Amino acid sequence: MYDLIKEAIVDDDAAIELSKMDKNVVEVVDAISELSLEDTMKLGMKFKRFPLGCDLTEAVVGTCASDLELMELLGNCRLSDMLGLPIHICAYAFADIAEKHGMRGIEVMRKVYDSVDVPLDLDHFGENGPMRLPQNIVGCGGECYNKGPVYTECPRDRIHERLIDKEKAESSDKEEWVKLSSSVAINLTSEQTGEGHAAPYREAVDIADLAKKYQRGLEAIMFIGDGYDDLITGFEKAIEIGADVFVLEGGPYNAAKNPVEAFAKAVAASRILCPGKVVGTNGAYERECRVGLRSGLNVIITGFPKNHHGYMCGYEPGTARRGKFGLPRIMQIMKEEVHNPNVQVPVLKEDLIPLTTAIKIAGRDYIYPKKIGAYTVGDAHWATLINSKMYKNLTLKNDLNDIVNSVNGNSVALLGGRFLSWVIANELDKQVDEIIISDADPWVQRMTVENLQDALDATIIPGDGDVNSANQADSSIISSTVLGISNKILNKVPNAFNIV
């Protein structure tokens, strides 16, 4: 495994081989532990490329805290929605705010759901529904992050107190919370020697089962811990429980001898091991955020003032404390560390709409975790967005049947080679003899051609530019849902069928 991983840093074919094979967690972690930091970062970024991994970089924002007014919470959510940032829901805070207004927690959840289109990511949710915690927890100033590593136990020695009677009083609403969510987070740190930090594993299993019941995305939160045994346990448990997304917590929960290098290696290993190809962090000091982004990190969870994620990412010991507004800082760190001229950093609403369009055209029967060839169609984002109001309210100009019915003849050129082209090609496989794939990115074109050659009966041909590809085919389809790109192609190939 070490030799293959070492090759994959510089060899595309080795990376492709590694992406397709069954992986052993210990072997992957062992191999990456032998790499230099520079090679680790190169490997992680290699596996952030389409379709080896998700190539988006995203901020997810916690909008709530127990001592916010309802109006402040709703305003925070509206602002997040305007930007297109998924909302990370701390369920205990929603329930606390509801209690102050004589409401049930689910009523606040519904108000937020009705107010926004972006995905809702549910956290701090247990076997009774929203966890309820005493004031000394919900009002914590963030001592552990402010004091810095190494974590041994909460400085106040009061995790994990629970107000079980309050939880049980609203337990009948439990499934409704999940139905309104796009994804659900579970915490595995109790299995990583973090018994004092998180709920018991049985609650993670219970919530994971509920998320799968309603086809919601599942995120597994784990510590970096010692950077080896703890991390292996986290990965193995996450895969066992069926997680789609790996969420890594560093900060004071990174007890490795070299915490920056350990964080990078955890991200790189996650890139290779994570089933849904999306790797995030819910807590990481600035130096960890930066090296994580250079190693292929997709998501940083941040927060509005008073929300604990506001200080848990992007700050350093001595400055990380409650009250910080982490979002602007995280956005700037992302801008400085991620240089991708083809993708906005972080992803905003104007990027989510075309992605959601592609997902809606494909439909639930095609998208992740379903596969065409060796790869899933999309990643965990696809499973999340399909459960958002953005998806529900989106009106398509053309559905998949319209696209397929536009084709006349025995050959078709698909102009744009990302995931949606796979779905269209699969639908056309029994209708045409030849499918030409054209994409401006040679890597995207190569990966799509090779994957479809193995999966379909039709002859799959690499294109030679959009115009030449269209000239060789009986019909042409612009398979990009990004309006600027599709219009640019349409100007060159005016007879092509434009799906948006």
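See the structure printed just above.
To start, this report covers the structure provided alongside it. (Residues numbered from 1 in each chain as written. Predicted model: local features only at pLDDT ≥ 70, side-chain atom pairs only at ≥ 80, totals over all residues. Heavy atoms only, no water.)

## Here we look at the overall build of the protein
- A tally of regular secondary structure across the protein gives 25 helices and 17 strands.
- A compact globule built from 500 residues would reach a C-alpha radius of gyration of about 23 Å, and the protein, at 23 Å, matches this within 12%.
- For the protein, the spread of C-alpha atoms along the principal axes amounts to about 70 × 50 × 35 Å.
- Taking the contacts inside the protein whose residues are at least 6 apart along the sequence as the reference set, 75% of them involve residues at least 24 apart.
- A total of about 18,900 Å² of accessible surface is found on the protein, and carbon and sulfur atoms cover 48% of it.
- The positive charge centre, built from 52 side chains, and the negative charge centre, built from 73, are 5 Å apart in the protein. (Helix = DSSP H or I, 4+ residues; strand = E, 2+ residues; numbered from the N terminus. Rg over C-alpha atoms; globule rule 2.2 N^0.38 Å. Contact = heavy atoms within 4.5 Å. Areas by Shrake-Rupley, 256 points an atom, 1.4 Å probe, with all protein chains shown as cover. Lys, Arg positive; Asp, Glu negative; His and termini not counted. Charge placed at Lys NZ, Arg CZ, Asp CG, Glu CD.)

## Digging into the nonpolar core
- Within the largest apolar cluster, 159 residues are counted, with the highest numbers of intra-cluster contacts made by Phe235, Leu248 and Ile435.
- Ranked by residue count, the leading element in this core is helix 14 (residues 259-273), at 9 residues. (Core = buried A, V, L, I, M, F, W, Y, C linked by side-chain atoms within 4.5 Å. Buried < 20%, exposed > 50% of the residue type's maximum accessible area, 1.4 Å probe, protein only.)

## Some thoughts on the sheet that holds strand 7 (residues 217-225)
- With parallel pairing, 8 strands are arranged side by side around a closed barrel as 1-2-3-6-7-8-9-10. Between one strand and the next, the sheet's axes are offset by a mean angle of 30 degrees, whatever the strand orientation.
- Note that strand 7 and strand 8 (residues 245-254) share 6 bridges and pair parallel. Its bridge partner lying in strand 8, glycine 225 is registered against asparagine 254.
- Those strands touched by helix 12 (residues 201-213) are strand 6 (183-187) and strand 7, and its axis lies near 165 degrees from that of strand 6.
- Helix 13 (residues 229-241) contacts strand 6, strand 7 and strand 8 of the sheet and is inclined by roughly 170 degrees relative to strand 7. (Pairing = 2+ DSSP bridges. Axes fitted to C-alpha atoms, helices over the stretch in contact; angles between N-to-C directions.)

## Regarding the pairing of strand 15 (residues 459-462)
- As defined by bridge partners, strand 14 (residues 434-438) adjoins strand 15 across 4 bridges and the pair is classed as parallel. Bridged to glutamate 434 within strand 15 is threonine 459.
- Considered for its hand, the β-α-β crossover made up of strand 14, helix 23 (residues 442-455) and strand 15 is right-handed. (Right-handed = clockwise from strand over helix to strand, strands pointing away.)

## A word on the pairing of strand 1 (residues 58-62)
- When you tally the buried positions in strand 1, you get 5 out of 5 residues, the bulk of the element.
- Burial along strand 1 is two-sided: the face carrying Glu58, Val60 and Gly62 and the face carrying Ala59 and Val61 are both buried.
- In the sheet, strand 1 pairs with strand 10 (residues 299-303) via 5 bridges, with the strands oriented parallel. Residue pairing for strand 10: glycine 62 is matched across the bridge by glycine 303.
- Both strand 1 and strand 2 (residues 87-90) contribute to a ladder of 2 bridges, which runs parallel. Residue pairing in the sheet places valine 61 in a bridge with isoleucine 87 of strand 2.
- In this fold, the crossover linking strand 1 to strand 2 by way of helix 5 (residues 70-83) has right-handed handedness.

## Focus: the packing of aromatic side chains
- Here the structure, examined in full by the defined rule, presents 13 aromatic pairs.
- With a centroid separation of 5.8 Å and 70 degrees between ring planes, the pair formed by tyrosine 145 and tyrosine 285 is classed as edge-to-face. Taken together, the residues span a long stretch of sequence, with tyrosine 145 in helix 9 (residues 143-147) and tyrosine 285 in the loop between strand 9 (278-283) and helix 15 (286-294) at a distance of 140 residues. Considered together, tyrosine 145 and tyrosine 285 belong to a single accessibility category, that of buried residues. (Phe/Tyr/Trp six-rings, centres within 6.5 Å; stacked < 30°, edge-to-face > 60°.)

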